[in-house]
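# Report on the structure
Read off the chains here:
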Amino acid sequence: MQRAHPDSVRIVEVGARDGLQNEAQALSVELRCELIGRLAAAGLRHIEAGSFVSPKWVPQMQYSDRVLLQLERQPGVRYAALTPNLQGLEAALAANASEVAVFTAASDAFTQKNINCSVAQSLERIRPVLEHARTVGLPVRGYVSTVMGCPYQGEVPVQAVVDVAQALLDMGCYEISLGDTIGTGSVPQTQNLIRALALHMPVSQLAVHFHDTYGQALANIYAALELGIRTIDGSVAGLGGCPYAAGASGNVASEDVLRLVEGLGLHTGIDAQLLAETGQWISDQLQRPNGSKSGRALVAKATQK
Ligand SMILES: CC(C)(COP(=O)([O-])OP(=O)([O-])OC[C@H]1O[C@@H](n2cnc3c(N)ncnc32)[C@H](O)[C@@H]1OP(=O)([O-])[O-])[C@@H](O)C(=O)NCCC(=O)NCCSC(=O)C[C@@](C)(O)CC(=O)[O-]
């Protein structure tokens, strides 16, 4: 997998997956395809397009196969999908996903609620996914949730995160996305975690995935950037919520991440105005407030002209 230049940042857009999976209203296949098309037009090059999980567990992600098959693909864009097991991988391959992501957590209590098994059992489910993906040359990203706190267990030891991240890398994931699932992380926690991980694996193989539940996401991302992280997950318009924290806001907004990294002189290849307009468009479709401050500001400024 090509690594980012130190002056460039890769934003992994998770709005059409992590965002929409947490919205109360399930969007049509057509609107999901249009969202992904607009994100690609804005310059996003890594877009999570869907999730091949049980529709009984996450009904909003049903028909991800249709989304992947119907969307108009742009050259150079990776259209990724979440897969919990071999059944999901087969579906993702049939829908021609450019890559897949496997997911587990650093706390057993969370994996039990999320995927109905322990962390150790989840790794055993993931192993054949990676083995099969390798035989067909499909890249696999790995997610570790609850890296800074679990809604059921509370504190999560740093060593538990290191162990799971290492296990996923050893199985063949090209990158680990560190999920602050409930957004409770702080700057010192972010620094401690990344420093601990960096003793065992290259920072270039780590990404950060913050939910903005307590408004700390941008501060934590800045701390991560200072420690060399160059891959950041974001969700356009801050789509999503958090099923584990009532009333909580969703993922950090991609528009706000973009503003932060551009302010630091780092490059992304993303058009801020097009992304902001996409954020406003999808917020209107969902009849929800636009969760990005910089997105709202850019749209308002353009309207004033
Ligand atoms: C993992 C399972 C399936 C286990 O669910 P289970 O009930 O333990 O497993 P099962 O193997 O007994 O299967 C039960 C049913 O699901 C079906 N099934 C089995 N596998 C699949 C599949 N791949 N696609 C579609 N259907 C599937 C299977 O066919 C069967 O259907 P039935 O016989 O009842 O009609 C379930 O727990 C599940 O789907 N969980 C989804 C959880 C989820 O998607 N959570 C959100 C994603 S994680 C996340 O958002 C965090 C992240 C990544 O963003 C990072 C962060 O923020 O921290």
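The notes below deal with the structure included here. Note that the coordinates shown come from a computational prediction; the quantities given were computed from them, not determined experimentally. (Residues numbered from 1 in each chain as written. Predicted model: local features only at pLDDT ≥ 70, side-chain atom pairs only at ≥ 80, totals over all residues. Heavy atoms only, no water.)

## Quick notes on the packing of aromatic side chains
Put simply, the rule is: Paired rings are identified among Phe, Tyr and Trp, the last through its six-membered ring, by centres lying within 6.5 Å, and are further divided according to the angle between planes into stacked (under 30 degrees), edge-to-face (over 60) and tilted (the rest). The rule for a charge over a ring is simple: NZ of Lys or CZ of Arg within 6 Å of the ring centre, and within 35 degrees of the ring normal.
Under the criterion given, the structure shown has 0 aromatic pairs. Here Lys113 stacks its cationic end above the ring of Tyr152, 5.3 Å away from the centre of that ring.

## Regarding the side chain of Thr268
To keep it simple, the criterion reads: Working definition: helices are DSSP H or I runs of at least four residues, strands are E runs of at least two. Numbering for both runs from the N terminus. The criterion used for residue contact is that any of the two residues' heavy atoms lie within 4.5 Å.
Within the secondary structure, Thr268 is located in the loop between helix 10 (254-263) and helix 11 (272-286). Once you skip the residues sitting within four places of it in the chain, Thr268 turns out to touch Val9, Ile11, Leu258, Val261 and Glu262.

## Some thoughts on the pattern of salt bridges
Formally: Each salt bridge in this description consists of a side-chain nitrogen of Lys or Arg and a carboxyl oxygen of Asp or Glu lying within 4 Å of one another. Here the term buried applies to any residue with accessible area under 20% of the maximum for its type, exposed to any over 50%, and partly exposed to those in between, with areas from a 1.4 Å probe on protein chains only.
Counted under the stated rule, the structure contains 9 salt bridges. Of the charged contacts in the structure, one is a salt bridge between Glu124 and Arg127, with a shortest N-O distance of 3.2 Å. Placement of both Glu124 and Arg127 in helix 6 (residues 119-136) is noted, with a separation of 3 residues, approximately one turn of the helix. With a relative accessible area of 45%, Glu124 lands in the partly exposed category. Taken together, the salt bridges that share partners define one network made up of Arg10, Arg141, Glu175 and Asp233.

## Regarding the site of the ligand
Just so we agree on the cut-off: In this text, near means that some heavy atom of the residue lies within 4 Å of the molecule or strand in question. Reported accessibility uses the Shrake-Rupley method at a 1.4 Å probe radius. Residues are deemed covered only where the shown protein chains occlude them. Each residue is assigned to one of three groups, with Ala, Val, Leu, Ile, Met, Phe, Trp, Tyr, Cys and Pro labelled nonpolar, Asp, Glu, Lys and Arg labelled charged, and all others, Gly among them, labelled polar.
In the vicinity of the ligand lie 26 residues, with Gln21, Asn114, Asn116, Ser145 and Thr181 positioned nearest. Within the complex, the protein chains bury 73% of what would otherwise be the 1100 Å² of accessible surface of the ligand. For the shell around the ligand, the secondary structure elements donating two or more residues are helix 1 (15-21), helix 4 (86-94), helix 5 (108-115) and strand 5 (140-145). Broken down by element, the residue count for the shell around the ligand peaks at 3 residues, all from helix 1. Each residue belonging to the shell around the ligand can be placed in one class, and the counts come to 10 nonpolar, 12 polar and 4 charged.

## A word on the state of the cysteines
Selection rule: Two cysteine sulfur atoms make up a disulfide if the distance between them is within 2.5 Å.
Enumeration according to the criterion identifies 0 disulfides in this entry. No disulfide involves Cys117; its nearest neighbouring cysteine sulfur is the one of Cys150, lying 14 Å away. On the basis of relative accessible area, Cys117 is assigned to the buried category, the value being 3%. Between Cys173, a cysteine without a disulfide, and Cys117, which holds the nearest cysteine sulfur, the sulfur-to-sulfur distance is 15 Å.

## Quick notes on the pairing of strand 7 (residues 206-210)
The criterion, for reference: Orient the strands so they point away from the viewer; a crossover is then right-handed if the path from the first strand over the helix to the second runs clockwise.
Among the 5 residues in strand 7, 5 count as buried, and that is most of the element. Of the two faces of strand 7, the one holding Leu206, Val208 and Phe210 and the one holding Ala207 and His209 are both buried throughout. In this region the chain leaves strand 6 (residues 175-180), passes through helix 8 (residues 187-198) and returns to the parallel neighbour strand 7; the handedness of that crossover is right-handed.

## So, the packing of helix 4 against helix 6
A pair of packed helices is captured by two measures, namely the crossing angle of their axes and the spacing between those axes. Put simply, the rule is: For helices, the axis comes from a line fit to the C-alpha atoms of the stretch in contact; other axes are also lines fit to C-alpha atoms, and the angle between any two N-to-C directions lies between 0 and 180 degrees. Just so you know how the angles are binned, under 35 degrees is roughly parallel, over 145 roughly antiparallel, 65 to 115 roughly perpendicular, and the rest oblique. The handedness criterion is simple: a crossing whose near helix is rotated anticlockwise from the far helix by less than a right angle is left-handed, and one whose near helix is rotated clockwise is right-handed.
Contact geometry of helix 4 with helix 6 gives a least axis separation of 9 Å together with a crossing angle of 25°. Here helix 4 lies roughly parallel to helix 6, going by the angle between them. Here helix 4 and helix 6 pass one another in a crossing that is right-handed. Two secondary-structure elements touch here, helix 4 through Leu86, Leu89, Glu90 and Leu93 and helix 6 through Pro128, Val129, His132, Ala133 and Val136.

## Some remarks on the nonpolar core
Selection criterion: For the purposes of this section, nonpolar cores are sets of buried Ala, Val, Leu, Ile, Met, Phe, Trp, Tyr and Cys residues that join through side-chain atoms within 4.5 Å.
Of all hydrophobic cores here, the largest spans 85 residues; its most connected members are Leu35, Leu168, Ile176, Leu178, Val208 and Ile282. The contacts of Val208, once residues within four sequence positions are left out, are Ser177, Leu178, Ile194, Ile221, Ala224, Ile229, Thr231, Ile232 and Asp233. By size, the runner-up hydrophobic cluster in this structure holds 8 residues, among which are Leu82, Ala101, Phe103 and Cys117.

## Concerning helix 11
The periodicity of an α-helix, 3.6 residues per turn, causes residues three or four positions apart to be oriented the same way. Put simply, the test is: How far a helix is expected to stretch is found by multiplying one less than its residue total by 1.5 Å.
Taking 1.5 Å of rise per residue, the 15 residues of helix 11 would be expected to cover 21 Å, and the 21 Å separating its terminal C-alpha atoms lies within 8% of that figure. Within helix 11, the full set of buried residues consists of Leu275, Ala276, Thr278, Gly279, Trp281, Ile282, Ser283 and Leu286. Among the residues trailing helix 11, Gln287 stands out with phi positive, at a value near 50°.

## Remarks on unusual backbone geometry
For residues other than glycine, phi is negative in most cases, and the peptide bonds are mostly trans. A positive phi angle is found at Tyr63, which is not glycine, with a value near 70°. Looking at the secondary structure, you find Tyr63 in the loop between strand 2 (46-51) and helix 3 (64-70). Given the relative accessible area of 38%, Tyr63 is considered partly exposed. Of note, the phi angle at Gln287 is positive, near 50°, even though the residue is not glycine. Within the element layout of this structure, Gln287 appears in the loop between helix 11 and helix 12 (293-304).

Just distances and angles here, no functional claims.
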